[in-house]
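Next come the chains, spelled out residue by residue.
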Amino acid sequence: MQKNTEFSEWQLLDELNIFFNYNLILMNEWLDTPIPRLEGQCPRILLLTDENRKELFQLLQEMKFGDIA
């Protein structure tokens, strides 16, 4: 069985809500802050396409598990 690695914008926003403990102020601040790991892009921009959502989900997983170097 192949794992589905595509995430809708809503699925990713749900993951972000959980990560930020449903604090919309913190979540929106993070979404609008340029992130060096994302080549200086704001995470909100990456919500627009499947490919970019995968990258954003990977970053979120790294943040959750402390894997960011």
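What counts as what
- Residues numbered from 1 in each chain as written.
- Predicted model: local features only at pLDDT ≥ 70, side-chain atom pairs only at ≥ 80, totals over all residues.
- Heavy atoms only, no water.
- Core = buried A, V, L, I, M, F, W, Y, C linked by side-chain atoms within 4.5 Å.
- Buried < 20%, exposed > 50% of the residue type's maximum accessible area, 1.4 Å probe, protein only.
- Helix = DSSP H or I, 4+ residues; strand = E, 2+ residues; numbered from the N terminus.
- Contact = heavy atoms within 4.5 Å.
- Phe/Tyr/Trp six-rings, centres within 6.5 Å; stacked < 30°, edge-to-face > 60°.

Caption draft 1: Layout of the nonpolar core. In terms of nonpolar packing, the biggest core is built from 16 residues, with Leu12, Leu16, Trp30, Leu31 and Leu56 touching the most fellow members. Of all elements in the fold, only helix 1 (9–19), helix 2 (24–31) and helix 3 (50–65) reach the threshold of two or more residues within this core. Looking at this core, the element that brings in the most residues is helix 3, giving four residues. Apart from residues lying up to four places away in sequence, Leu31 is in contact with Leu13, Leu16, Cys42, Pro43, Arg44 and Leu47.

Caption draft 2: Quick peek at the packing of aromatic side chains. The full count for this structure, using the stated rule, is two aromatic pairs. Residues Phe19 and Phe20 carry aromatic rings whose centres are separated by 5.0 Å and whose planes lie at 85° to one another, so their mutual orientation is edge-to-face. Phe19 sits in the partly exposed class, given a relative accessible area of 29%. Here Phe20 and Trp30 contribute two aromatic rings whose centre-to-centre distance is 5.7 Å and whose plane-to-plane angle is 45°, an arrangement assigned as tilted. Taken as a pair, Phe20 in the loop between helix 1 and helix 2 and Trp30 in helix 2 lie far apart in primary sequence, 10 residues in all. Judged on exposure class, the residue Phe20 and its partner Trp30 are both buried. Taken together, the aromatic side chains of Phe19, Phe20 and Trp30 make up a single cluster linked through ring pairs.

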